[in-house]
There are 2 protein chains.
Amino acid sequence: MKKLINNVDDVVHDSLVGVAAAHPELRVDLEQRVVYRGDAPKQGKVGLVSGGGSGHEPLHGGYVGTGMLDAAVAGEVFTSPTPDPIAEATKGVDGGAGVLHIVKNYTGDVMNFEMAAELANAETGVDVRSVIVDDDVAVQDSLYTAGRRGVGLTVFVEKLAGAAAEEGADLDAVEAVAKKVVANGRSYGIALTSCTVPAAGEPTFDLPEDEMELGIGIHGEPGRKRVPLASAKEIAKDLVDPILDDLDFTGAPVIAMLNGMGASPLLELYLVYGEVAALLAERGVTVERRLVGDYITSLDMAGCSLTLMRADEEDLRLFDAPVNTSGLRWGA
Amino acid sequence: MKKLINNVDDVVHDSLVGVAAAHPELRVDLEQRVVYRGDAPKQGKVGLVSGGGSGHEPLHGGYVGTGMLDAAVAGEVFTSPTPDPIAEATKGVDGGAGVLHIVKNYTGDVMNFEMAAELANAETGVDVRSVIVDDDVAVQDSLYTAGRRGVGLTVFVEKLAGAAAEEGADLDAVEAVAKKVVANGRSYGIALTSCTVPAAGEPTFDLPEDEMELGIGIHGEPGRKRVPLASAKEIAKDLVDPILDDLDFTGAPVIAMLNGMGASPLLELYLVYGEVAALLAERGVTVERRLVGDYITSLDMAGCSLTLMRADEEDLRLFDAPVNTSGLRWGA
């Protein structure tokens, strides 16, 4: 295992030390492992909290800032944070207008965020709502999940709900924005290589030099099937087909994200996006906004995922709204 | 070799197709392999052109846009573009105020940009100046270079000169900004793994599982030496020491970039940055601005580089000025 780390047990802590050093505009609680907006809590604003296992950076800490999250809670690598720090974060961003939890659909995360909401509410009476993101069309009931896994769409939920909250929408409205994104977005991923969890010290799974895995999760969970290594043109089809089979993306503007899993260079991600864009055009899907890059990763896995979201004019407006985070930044 | 590509000979072309699809705000000339600002040429504005071999994305195409480059010329992977497309780009961004070439110090790039400047000037009379970036303190006279190699500082040259040009500075002034950055910046890199050039199909060099290479270049050129794989804390020292040995970074605000080589996840880059920041503070270096992420890569190499630049208030102002590119974006 070759990684830029000190002790395998300190990876998350040490990385958060770097986040604190790199981003004086944020406040990092190293004990609780929570990244806050520097100005949290914002009085009168709905607070947005997300989090989960580490290893998916920039998700979630990279999306803390104006127009997106108020706090992100970092668990150990690929391991949900416990309820206590989530409850701390929830109280810490409570500006009197309630708090929305954005939770990827993994059993541990769902349970711990729920307990955290109860804890925080019991202590301070804060109104906590929750939205569960379950956009991965690849599998039902995977290794860590009942139902579908939550993957790339989480970035769009955080962006659009964050924009609504920043504009002063109330808790009902922010929750509605988030749920609308969940209803209208789907994702699918492929891997060329496994990732290596630092504490494990070796690749999570073996993938022969001439094979790739379709429908992979962001923790190296099994996907749909292994197939021979294919061209980018074929991979684009592997990504697009299962998503379009699951939901109709015609007749509405679409927001697309071609996401890198961590070790695939941008040169390749753009190349795949070119193939995806051509295929979507053929299928009558009109992409109006697009992101290409590493937005939700799986440590050092090589591969990519595609996320599509059916949008309306209001969604596009919220997507375009100013955002000032290390992972997404525009108009600010 | 596992890559998200079609034919190895089409990698650069196919990737530019994706850039065009992902960025309707840019204009991509697929024949000449030039990425232009959509609004180029801007009348009365100094034009900025950079480029070089592909494989370093987001450099250079990702830095085309308001406040940075007017055009980027993409060569084959790790191979300089020829003079003709550079001359095309030079003419294409000429708004009557002259053009600055920003050239990383590799023999092929220096020669081809020089010939391109002569070609363009002979054809249209455009005044072309050139700044050579040679910030890598690791080695003198490397595989492709006479003198020092040009690496991470190129991002700062493009950012600061781009800001000056956007504000309406004339060619003398923009050239002076670029040369001041070159005089005041230094870089150093380390690799945990080799990269694999698509056309070669196998890693450029072998690096055993328990070793890393110090002073590596961005094309897999040899560095200073191979050493046993070390902790992030030791790697931070490996990065900082040769830079501070070469130039005094005390007594001035410093702009720092901890750059990923392509396959190292952000979790690890932040971790290294935390160690670097602590070490710089110990050595009396005051970092006022910082970037952490993939800004100038070496395909799928794992590793990182550090760039430091002595700045003054004017440099900080130009660094902070609005920029709207896919690789750097703020205030716009």
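Remember, it's a predicted structure, so these values are computed and weren't measured experimentally.

A. Structural detail: helix α8 (residues 313-320) of chain B. Residue and element names in this part refer to chain B. For α8, the complete set of buried residues consists of Asp 315, Leu 316, Leu 318 and Phe 319. For α8, the angular spread of the buried residues around the axis is 165 degrees, confining them to a single face. Elements that come into contact with the buried residues of α8 comprise α4 (153-166), α5 (171-184), β10 (253-260), β11 (286-293), β12 (303-310) and β14 (329-330). The N-capping residue of α8, defined by a side-chain oxygen 3.1 Å from the backbone nitrogen of Glu 314, is Asp 312.

B. How the structure looks around the relation of the copies chain A and chain B. In the superposition of chain A on chain B (RMSD 0.0 Å, axial shift 0.0 Å), the rotation amounts to 180 degrees. In the structure described here, the two chain copies are related by an operation that fits a two-fold rotation axis. Within chain A, Ala 263 of chain A has its C-alpha nearest the rotation axis, a separation of 2.0 Å. Both copies share a contact surface, since 100% of the interface residues of chain A are interface residues in chain B too.

C. Inspection of the packing of helix α2 (residues 83-92) of chain A against helix α3 (residues 107-124) of chain A at higher detail. All names here are of chain A. Between α2 and α3, the shortest axis-to-axis distance is 8 Å and the interhelical angle comes to 50 degrees. Accordingly, the angle class assigned to the pair α2 and α3 is oblique. Crossing of α2 over α3 shows right-handed handedness. Taking contact as the criterion, the partners of Pro 83, Asp 84, Ile 86, Ala 87, Thr 90 and Lys 91 in α2 are, on α3, Asn 112, Phe 113, Met 115, Ala 116, Leu 119, Ala 120, Glu 123 and Thr 124. Grouping the amino acids of the contact of α2 with α3 by side-chain chemistry returns eight nonpolar, three polar and three charged.

D. Quick peek at the side chain of Ser 50 of chain A. Residue and element names in this part refer to chain A. Among the structural elements, Ser 50 can be located in strand β3 (residues 47-54). At a separation of 2.7 Å, a polar atom in the side chain of Ser 50 contacts the main-chain carbonyl oxygen of Ile 102. Each residue touching Ser 50, except ones within four places of it in the same chain, is listed here: His 60, Leu 69, Ala 71, Ala 72, Val 73, Ile 102, Phe 113 and Glu 158.

E. Region of the structure containing the interface of chain A and chain B. Each side of the interface is counted separately: chain A has 60 residues, and chain B has 60 residues. The largest contributions to the chain A side of the interface with chain B come from Lys 2, Leu 4 and Leu 267 of chain A, which together make up 21% of the buried area. Counting across the interface, chain A meets chain B through two salt bridges. For the interface between chain A and chain B, the tally reads 24 residue pairs in polar contact (both at pLDDT 80 or more). Mapped onto the side of chain A that touches chain B, the elements with two or more residues apiece are α1 (11-22), α6 (232-246), α7 (266-282), β11 (286-293), β12 (303-310) and β14 (329-330) of chain A. It is α7 of chain A that contributes the most residues to the side of chain A that touches chain B, eleven residues altogether. Classifying every residue of the side of chain A that touches chain B by side-chain character gives 34 nonpolar, 13 polar and 13 charged.

F. The arrangement of the pairing of strand β8 (residues 211-214) of chain B in detail. Residue and element names in this part refer to chain B. Where strand β7 (residues 185-191) and β8 come together, two bridges link them in antiparallel fashion. By the bridge assignment, Ala 191 is partnered in β8 with Glu 213. Pairing of β8 with strand β9 (residues 225-228), which is carried by four bridges, proceeds in the antiparallel orientation. Looking at the pairing, Met 212 lines up with Val 227 of β9.

G. Local environment of the packing of helix α4 (residues 153-166) of chain A against helix α5 (residues 171-184) of chain A. Residues and elements named next belong to chain A. Running from N to C, α4 and α5 cross one another at 155 degrees; their axes reach a closest spacing of 9 Å. Judged by the angle between their axes, α4 and α5 are roughly antiparallel. For the element pair α4 and α5, the recorded crossing hand is right-handed. On α5, the residues that touch Leu 153, Phe 156, Val 157, Leu 160, Ala 161, Ala 164 and Ala 165 of α4 are Val 174, Val 177, Ala 178, Val 181 and Val 182. Of the residues belonging to the contact of α4 with α5, the class tally is twelve nonpolar, no polar and no charged.

H. How the structure looks around the packing of aromatic side chains. Using the criterion set out here, one finds four aromatic pairs over all chains in the structure. An angle of 45 degrees between the planes, with centres 5.2 Å apart, marks the rings of Phe 319 of chain B and Trp 330 of chain B as tilted. Of this pair, Phe 319 of chain B sits in helix α8 while Trp 330 of chain B sits in strand β14, and the two are eleven residues apart along the sequence. Among the residues examined, Phe 319 of chain B registers a relative accessible area of 4% and is labelled buried. Taking NZ or CZ as reference, Arg 27 of chain A lies 4.6 Å from the ring centre of Tyr 36 of chain A, over its face.

I. View of the layout of surface pockets. Reported here for the second largest pocket is a volume of approximately 1000 Å³. Residue lining of the second largest pocket: 40 residues in total, with Thr 193 and Asp 300 of chain A together with Thr 193, Ala 263 and Asp 300 of chain B positioned closest to the centre. Residues belonging to the lining of the second largest pocket are distributed by class as follows: 17 nonpolar, ten polar and 13 charged.

J. Looking closely at the sheet that holds strand β6 (residues 128-133) of chain B. Residues and elements named next belong to chain B. Here six strands make up an open sheet; going across it, the order is β1-β2-β4-β3-β5-β6 and the pairing mixed. On the outer flanks of this sheet lie β1 (26-29) and β6, each paired with one strand and no other. Across the sheet, the axes of successive neighbouring strands diverge by a mean angle of 20 degrees, strand direction being ignored. Across four bridges, strand β3 (residues 47-54) lies against strand β5 (residues 99-104) in parallel orientation. Its bridge partner being in β5, Gly 47 is matched across the sheet by Val 99. Against the sheet, α5 engages β3, β5 and β6, with an angle of about 10 degrees to β6.

K. Seen up close, the state of the cysteines. Per the stated rule, a full pass over the model turns up zero disulfides over all chains. With no disulfide of its own, Cys 304 of chain A lies 15 Å from the sulfur of Cys 195 of chain A, the closest cysteine sulfur.

L. The arrangement of the sheet that holds strand β6 (residues 128-133) of chain A in detail. Residue and element names in this part refer to chain A. A sheet is described by the order of its strands in space; here six strands give the open sequence β1-β2-β4-β3-β5-β6, paired in mixed fashion. The two strands at the open ends of the sheet, each matched to only one other strand, are β1 (26-29) and β6. Along the sheet, successive strands turn relative to each other by an average axial angle of 20 degrees, direction set aside. Note that β3 and strand β4 (residues 71-77) share five bridges and pair parallel. Paired with Gly 52 across the two strands is Ala 74, which belongs to β4. Of the strands in this sheet, β2 (34-37), β3, β4, β5 (99-104) and β6 touch α2, which is tilted by about 10 degrees from β2. The strands that α5 touches are β3, β5 and β6; relative to β6, the one it contacts most, it runs at about 10 degrees.

The rules behind the values
- Residues numbered from 1 in each chain as written.
- Chains lettered and ligands numbered in written order.
- Predicted model: local features only at pLDDT ≥ 70, side-chain atom pairs only at ≥ 80, totals over all residues.
- Heavy atoms only, no water.
- Buried < 20%, exposed > 50% of the residue type's maximum accessible area, 1.4 Å probe, protein only.
- Helix = DSSP H or I, 4+ residues; strand = E, 2+ residues; numbered from the N terminus.
- Arc of directions from axis to C-beta.
- Contact = heavy atoms within 4.5 Å.
- Polar contact = N/O pair within 3.5 Å; in protein donor to acceptor, adjacent residues only side chain to side chain.
- Least-squares fit on C-alpha atoms with pLDDT ≥ 70 in both.
- Axes fitted to C-alpha atoms, helices over the stretch in contact; angles between N-to-C directions.
- Parallel < 35°, antiparallel > 145°, perpendicular 65-115°, else oblique.
- Left-handed = near helix turned anticlockwise from the far one by under 90°.
- Nonpolar A, V, L, I, M, F, W, Y, C, P; charged D, E, K, R; others polar.
- Buried area = accessible area lost by both parts, 1.4 Å probe.
- Salt bridge = Lys/Arg side-chain N within 4 Å of Asp/Glu carboxyl O.
- Pairing = 2+ DSSP bridges.
- Phe/Tyr/Trp six-rings, centres within 6.5 Å; stacked < 30°, edge-to-face > 60°.
- Lys NZ or Arg CZ within 6 Å of the ring centre and 35° of its normal.
- 1 Å grid on protein atoms, 1.4 Å probe; cavity = no way out; pocket = protein on both sides within 12 Å on 5 of 7 lines; lining within 4 Å.
- Points joined across faces, edges and corners; volume = space filled by probe spheres on them.
- Disulfide = S-S within 2.5 Å.

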